[in-house]
Amino acid sequence: MTLAFPEKVNKNFNYTLFMCAVIVSITGLIITLTISVKPQGYKDKKTAGGKSLAPILKTFRFWNLFVFALLNFHFLMFVTSNYKTIGLSYGVSDGLLTMCGTVGSLASVPARFFWPSILEKINIKLQVLLVGGIGAVICILGSLFVTVSIVYFSIMVFAFVYSSCFYTLILMHCGKVYGPELGPKAYTIISFALIIAVVSCTIIGSLVSMIGWVTALWIIAGLSGVSILCGGYVSEQAYIPAGKKMTEKLL
């Protein structure tokens, strides 16, 4: 079996993802923290008077969302990054896997416009259930049908489409809860979970020679499944800033 890329490229792939995640997160943090100008005449009663992230970081709800994002980032980083190596290891053709990545990437673009209209129709608790559940199901089905090329192809294409759903959910939730000013800043902090997930996925990847790709997929499925538990603590109630009556549960 011939790998699609030289062995050196495959070995350094996870490290490259880690460095990209670090660069994007740090750049995003710098840019977000410099955002302070609001449109002329803009006034939001829900967020006026509360511009600091510090009170938000003391709330249980924020860290519950952070953990939810962290657990699901494992799916995004592990499955969409290793689907080709996994497929090649079980005899799926390189050409089909390349087409899978192309079709999946193209399909995920319109999906970013499709998911918001769907998510807006259901409450946040059901959204968390669907996101965590779908991620777990994709991993389980991928591990069961990895030797059936066309089925594995279909599952992985849907994995790319699903990934756009998760990003949309986190962005929408931050905007609804923390408002147009604090929402982007809260999302930037949550995006640091991506770095942790990359490191964790790199560790899992280093153990593949001992546990196998199928077991690794079940581990990722378990993490996605556990994220469903966060659904019991999410709420779309707007964050009440300092100076107002606090309704947040503090740590």
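Before any of the text, the structure's been laid out above.
Rules used throughout
- Residues numbered from 1 in each chain as written.
- Predicted model: local features only at pLDDT ≥ 70, side-chain atom pairs only at ≥ 80, totals over all residues.
- Heavy atoms only, no water.
- Phe/Tyr/Trp six-rings, centres within 6.5 Å; stacked < 30°, edge-to-face > 60°.
- Buried < 20%, exposed > 50% of the residue type's maximum accessible area, 1.4 Å probe, protein only.
- Helix = DSSP H or I, 4+ residues; strand = E, 2+ residues; numbered from the N terminus.
- Axes fitted to C-alpha atoms, helices over the stretch in contact; angles between N-to-C directions.
- Parallel < 35°, antiparallel > 145°, perpendicular 65-115°, else oblique.
- Left-handed = near helix turned anticlockwise from the far one by under 90°.
- Contact = heavy atoms within 4.5 Å.
- Nonpolar A, V, L, I, M, F, W, Y, C, P; charged D, E, K, R; others polar.
- Core = buried A, V, L, I, M, F, W, Y, C linked by side-chain atoms within 4.5 Å.

S.K.: Tell me about the packing of aromatic side chains, and name the residues and values.
M.R.: Tallied over the full model, the rule gives six aromatic pairs. Each ring, one from Phe62 and one from Trp63, has its centre 5.1 Å from the other, and the planes form 85°; the classification is edge-to-face. The partly exposed category is assigned to Trp63, whose relative accessible area is 31%. With a centroid separation of 5.2 Å and an interplanar angle of 65°, the aromatic rings of Trp63 and Phe66 are classed as edge-to-face. Remark: Phe66 and Trp63 occur in helix H2 (residues 60–89); sequence separation between them is three residues, near one turn of the helix.

S.K.: Describe in detail the packing of helix H4 (residues 124–144) against helix H5 (residues 149–191), supporting the description with residues and values.
M.R.: Interaxial distance between H4 and H5 falls to 10 Å at its minimum, and their mutual angle equals 155°. For the element pair H4 / H5, the angle class is roughly antiparallel. The two elements H4 and H5 meet at a crossing, and its hand is left-handed. On H5, the residues that touch Ile124, Gln127, Val131, Ile134, Gly135, Ile138, Leu141 and Gly142 of H4 are Tyr152, Ile155, Met156, Phe158, Ala159, Tyr162, Cys165, Phe166, Leu169 and His173. Of the residues assigned to the contact of H4 with H5, the class counts are 14 nonpolar, four polar and no charged.

S.K.: Break down the nonpolar core for me, citing the residues and quoting the values.
M.R.: Ranked by internal contacts, the top residues of the largest apolar core, which has 67 residues, are Phe68, Phe75, Phe78 and Ile170. If you list the elements that add at least two residues to this core, you get H2, helix H3 (94–119), H4, H5, helix H6 (193–206) and helix H8 (213–227). A total of 22 residues in this core trace back to one element, the largest contributor, which is H5. Filtering out sequence-adjacent residues up to four positions away, Ile170 remains in contact with Leu65, Phe68, Ala69, Tyr187 and Ile190.

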